[in-house]
Amino acid sequence: MHPLAGTQALVTGASRGIGRAVARALVLAGAEVYAVARGRADLEQLVAELSVAALERSAPGRVHAVVCDLRDAAQVAAMLVPVVAAVSQRHTVLVNNAGVFPLAPIVDTAPETFASTIDSNLVAPFRVLHTLLRPMREAGRGHVVTIGSVADRRTFGGNAAYAASKFGARALHEVLREETSGSGVRATLVAPSATDTPIWDPIDPDHTPGLPPRAAMLRPEDVADAVLWAVTRPAHVNIDEVRLGRA
Ligand SMILES: NC(=O)c1ccc[n+]([C@@H]2O[C@H](COP(=O)([O-])OP(=O)(O)OC[C@H]3O[C@@H](n4cnc5c(N)ncnc54)[C@H](OP(=O)(O)O)[C@@H]3O)[C@@H](O)[C@H]2O)c1
């Protein structure tokens, strides 16, 4: 009933959108979830909501609010301390999900925006992975899920910073998969197409030509289902990559 009972999971960007749905799915499957984001209020609301949901379903899972800016190395090191300390005793799932989505043609993309997008979407997940991977390898188990995107393989105009970051994140996943094959540590890329989350709020896709309306997008729960499926396969099975699109 609760396939992740006894597991700990760190979900970045858990306060909204896809990360929030992933945190919910993992808690209801029995995991102890460290839910990471910058905004404290949203995280506290998530903890309240998921604590009730877990209780109602008699799920052993629980959730901790972890306020952290993933671009800050010192904050990341501090927030990872309890997770690293438990890796040797508990199966550990890392879901590198947090991300930003600036849309602009190259001529209108400031180099600072390009650099900060790479920092949020590529350097930050690497930083978390870098700290957790060694203890996972020593434990001979663990699972790293990278939330990629349709834009980690396809390019779209107006997408320079995001595409560069997501192509990079896919490459990092593929190197990780090579390096961990046979080690007991698993690695999965979950790559959704457009998904109806607050990431689209500044863009207003329903009134912007060329973008899918929200009603034609995936739901965050669709992506969370794929993550839950990947991390609940038997230990000898690695799901390398899952690509989701609208039917
Ligand atoms: N929505 C889509 O159409 C879509 C499609 C394909 C892939 N994706 C990918 O899916 C992931 C989640 O996207 P989403 O649509 O769910 O986005 P979202 O609704 O905007 O949520 C982003 C989450 O990331 C957190 N976050 C952002 N920067 C952070 C930082 N520096 N430190 C800590 N937390 C940070 C946000 O919380 P705070 O702001 O409070 O920090 C929030 O919890 C991203 O990697 C995105 O590229 C999305």
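Residues numbered from 1 in each chain as written. Predicted model: local features only at pLDDT ≥ 70, side-chain atom pairs only at ≥ 80, totals over all residues.

Here we look at the overall build of the protein chain
Okay, so step 1: Scanning the protein chain from terminus to terminus reveals six helices and seven strands.
Okay, so step 2: Its helices and strands in sequence order give the protein chain the pattern β-α-β-α-β-α-β-α-β-α-β-α-β, from N to C terminus.
Okay, so step 3: Expected size for 247 residues packed as a compact globule is a radius of gyration near 18 Å; at 17 Å, the protein chain falls within 12% of this value.
Okay, so step 4: On the principal axes, the C-alpha backbone points of the protein chain span a range of 50 × 40 × 35 Å.
Okay, so step 5: The proportion of buried residues among the 247 residues of the protein chain is 42%.
Okay, so step 6: When contacts within the protein chain are restricted to residue pairs at least 6 apart in sequence, long-range pairs at least 24 apart make up 73% of them. (Helix = DSSP H or I, 4+ residues; strand = E, 2+ residues; numbered from the N terminus. Rg over C-alpha atoms; globule rule 2.2 N^0.38 Å. Buried ≥ 20, exposed ≤ 12 C-beta atoms within 10 Å, placed from the backbone. Contact = placed C-beta atoms within 7 Å.)

Digging into the site of the ligand
Okay, so step 1: In the neighbourhood of the ligand, 31 residues make up the surrounding shell, with G13, G17, R38, G39 and G99 lying closest.
Okay, so step 2: Secondary structure elements with two or more residues in the shell around the ligand: α1 (17-28) and β2 (32-37).
Okay, so step 3: Looking at side-chain class alone, the shell around the ligand contains 14 nonpolar, 12 polar and five charged residues. (Near = placed C-beta within 6 Å. Nonpolar A, V, L, I, M, F, W, Y, C, P; charged D, E, K, R; others polar.)

Describing helix α6 (residues 220-231)
Okay, so step 1: The terminal C-alpha atoms of α6, which comprises 12 residues, lie 17 Å apart, in line with the 16 Å expected from a rise of 1.5 Å per residue.
Okay, so step 2: Of all the positions in α6, only P220, V223, A224, A226, V227, L228, A230 and V231 are classed as buried. (Expected span 1.5 Å × (residues − 1).)

Describing the packing of α1 against helix α2 (residues 40-56)
Packed helix pairs are specified by the crossing angle of their axes together with the interaxial distance, meaning the distance between the axes.
Okay, so step 1: Orientation of α1 relative to α2, taken along the N-to-C sense of each, is 30 degrees, at an axis distance of 10 Å. Judged on the interaxial angle alone, α2 and α1 are roughly parallel. Note that α1 runs across α2; the crossing there is right-handed. Contacts from R20, A23, R24, V27 and L28 of α1 reach α2 at L46, L50, A53 and A54.
Okay, so step 2: For the contact of α1 with α2, a count of residues per class yields seven nonpolar, no polar and two charged. (Axes fitted to C-alpha atoms, helices over the stretch in contact; angles between N-to-C directions. Parallel < 35°, antiparallel > 145°, perpendicular 65-115°, else oblique. Left-handed = near helix turned anticlockwise from the far one by under 90°.)

Focus on the sheet that holds strand β7 (residues 241-244)
Note on sheets: strands pair through backbone hydrogen bonds, and any given pair is parallel or antiparallel.
Okay, so step 1: On the basis of which strands lie adjacent, the open sheet formed by seven strands has the order β3-β2-β1-β4-β5-β6-β7 and parallel pairing. The outermost strands of the open sheet, each flanked by one partner alone, are β3 (62-67) and β7. Averaged over all adjacent pairs, the angle separating strand axes in this sheet is 15 degrees, with direction ignored.
Okay, so step 2: Across four bridges, the pairing between strand β1 (residues 8-12) and strand β4 (residues 92-96) is parallel. When the bridges of β4 are listed, Q8 appears paired with T92.
Okay, so step 3: Packing against the sheet, α1 makes contact with β1, β2, β3, β4 and β5 (142-147), and its axis sits at approximately 170 degrees to β1.
Okay, so step 4: Across the face of the sheet, α2 comes into contact with β2 and β3 while running at roughly 175 degrees to β3. (Pairing = 2+ DSSP bridges.)

A word on the packing of α1 against α6
Okay, so step 1: Packing of α1 against α6 leaves a shortest axis separation of 8 Å and a crossing angle of 50 degrees. Compared by their axis directions, α1 and α6 come out oblique. Relative to α6, α1 is oriented so that their crossing is right-handed. Residues G17, I18, R20, A21, V22, R24, A25 and L26 of α1 lie in contact with α6, whose contacting residues are P220, E221, V223, A224, V227 and L228.
Okay, so step 2: Split into classes, the residues belonging to the contact of α1 with α6 amount to 10 nonpolar, one polar and three charged.

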